[in-house]
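# Analysis of the macromolecular model
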Amino acid sequence: MKAMVLNSISAVETAPLKLEVWPIPIAGYKQIRVKVTGCGICHTELDEIEGRRKPNLPIIPGHEIVGIVEKVGPGVTKFRIGDRVGIAWIYSSCRKCRYCKGGRENLCDQYMGTGCDANGGYAEYTVISEDYAYSIPQIFSDLQAAPLLCAGAIGYRALNLTEMQDGQTIGLFGFGASAHLVIQMVKYRYPDSKVFTFSRIKDDSASLLAKEKGADWVGITGEIPPEKLDCAIDTTPAGVPVVEALKNLNKGGRLVINAIRKETSIPELNYTEHLWQEKEVKSVANVTRRDVQEFLTLAAEIPIKSEITEFELKEANKALLFLKQGKYRGAGVLKISD
Ligand SMILES: [Zn+2]
Ligand SMILES: [Zn+2]
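What you see is a predicted model; the values in this text were computed from it and never measured.

## Observations concerning the coordination of the zinc ion (ligand 1)
Protein coordination at the zinc ion (ligand 1): the donors are Cys 42 (SG), His 63 (NE2) and Cys 150 (SG), at 2.0 to 2.2 Å from the metal. All donor residues of the zinc ion (ligand 1) come from one chain, and their arrangement in sequence is C-x20-H-x86-C. Of this pair, His 63 sits in the loop between α1 (43–49) and β4 (65–72) while Cys 150 sits in the loop between α3 (142–145) and α4 (151–162), placing them 87 residues apart in sequence. Exposure class is identical for His 63 and Cys 150. Each is buried.

What follows is the structure, given as structure tokens:
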């Protein structure tokens, strides 16, 4: 099979993924083999490739996978050949520890990330345990569904962690693959709430997309929104938005940081300005299978529309570079087969 493979840590600018021919993986006990039709491009891949989240090399990246079950291993009962499935960032967890048993398998010490700790979807085939695959609602095309599996699912987890209520204001720092899905959830679940978005550059493609998706105010990080924020989600790779979000929070407000790593450090916090008055800050780490399942159901109900930019498998380096440079709107997706 063809696969885009990362053999060593390197800057994305050096086109580090190589097109290689690998043996088609074998579906083991309770595993399914999936013929990949599409795989979303996630910011976490930049962190893996550039070494901020260490991958298990050599690795086939990609954790927003949609495809068709092409082979079932022994003991598989949940899926049949021909079923359409999705695979998300959670590849496996131990299922025994206090986190796994307490509904927080995302925090498991033995958590494995798809396309980072085990091979992912930048390839024609991949394998996964049937317990970590999901049926994709019919209304979504394969490529439209791909970004839902991480950008959407982790956005759902982040939004839940804000504990937002209808009528409250929310600030979205960064408006890429995740936030453009989160805003659709907010508008559906909290119709009386206002959404304020913060981009890097005035009137860039992200800002225009935020306006199209119904943002009540579109600004850049550093600007003061028209009202204080009851909650905020930061999906940027930078440190400054953390301080900016805390500064603009209402009393008792909560900031949720949705980033696996920050590329620049967080500026010094001033207790009075950024934390006093019971302001809270929380990060979001990984996803649970329940997040993915619940989000896919909600996404179909809304129904969420993902903005995608298509690339071919062999263009993965270009797609990742464009992501780093903020050159496309919404989510990038590799179209791997029909
Ligand atoms: Zn991701
Ligand atoms: Zn565990």
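## Notes on the coordination of the zinc ion (ligand 2)
Protein-derived ligands of the zinc ion (ligand 2) are Cys 94 (SG), Cys 97 (SG), Cys 100 (SG) and Cys 108 (SG), with the metal-ligand distances lying across 2.3 to 2.4 Å. One can describe the site at the zinc ion (ligand 2) as tetrahedral: its four donor atoms subtend angles covering 105 to 118 degrees at the metal. The class of Cys 94 is buried, set by a relative accessible area of 17%.

## Focus on the packing of aromatic side chains
Tallied over the full model, the rule gives seven aromatic pairs. Ring centres 6.2 Å apart and planes at 85 degrees place the aromatic pair Phe 196 and Trp 217 in the edge-to-face group. Here the residue Phe 196 occupies a position in strand β11 (residues 194–199), and Trp 217 occupies one in strand β12 (residues 217–220), the gap between them amounting to 21 residues. Using a relative accessible area of 1% as the deciding quantity, one classes Phe 196 as buried. A centroid spacing of 5.2 Å and a plane angle of 65 degrees characterise the contact between Phe 198 and Trp 217, whose relative ring orientation is edge-to-face. Of this pair, Phe 198 sits in strand β11 while Trp 217 is found in strand β12, placing the two residues 19 residues apart along the sequence. Of the two residues examined, Phe 198 and Trp 217, each falls in the buried class. Counting every residue linked through ring pairs, the aromatic cluster contains Phe 173, Phe 196, Phe 198 and Trp 217. A cation sits over an aromatic face here: Arg 33 above Tyr 125, 5.9 Å from the ring centre. Lying over the aromatic face of Tyr 132, Arg 289 brings its terminal NZ or CZ to 4.1 Å of the ring centre.

## Digging into α4
Compared with an ideal rise of 1.5 Å per residue, which puts 12 residues at 16 Å, α4 spans 16 Å between its outermost C-alpha atoms and is within 8% of the ideal. With 11 of 12 residues buried, α4 lies mostly within the body of the structure. Within α4, the full set of buried residues consists of Ala 151, Gly 152, Ala 153, Ile 154, Gly 155, Tyr 156, Arg 157, Ala 158, Leu 159, Leu 161 and Thr 162. Buried residues along α4 sit against β10 (169–173), α5 (179–189), β13 (229–234), β14 (249–257), β15 (280–283) and α9 (289–301).

How each quantity is defined
Residues numbered from 1 in each chain as written. Chains lettered and ligands numbered in written order. Predicted model: local features only at pLDDT ≥ 70, side-chain atom pairs only at ≥ 80, totals over all residues. Heavy atoms only, no water. Donors = N, O, S within 2.8 Å, 3.2 Å for Na, K, Ca; no water. Helix = DSSP H or I, 4+ residues; strand = E, 2+ residues; numbered from the N terminus. Buried < 20%, exposed > 50% of the residue type's maximum accessible area, 1.4 Å probe, protein only. Tetrahedral: all angles 85-135°; square planar, octahedral: opposite > 155°, others 65-115°. Phe/Tyr/Trp six-rings, centres within 6.5 Å; stacked < 30°, edge-to-face > 60°. Lys NZ or Arg CZ within 6 Å of the ring centre and 35° of its normal. Expected span 1.5 Å × (residues − 1). Contact = heavy atoms within 4.5 Å.

In short, shape yes, function no, at least from these values alone.
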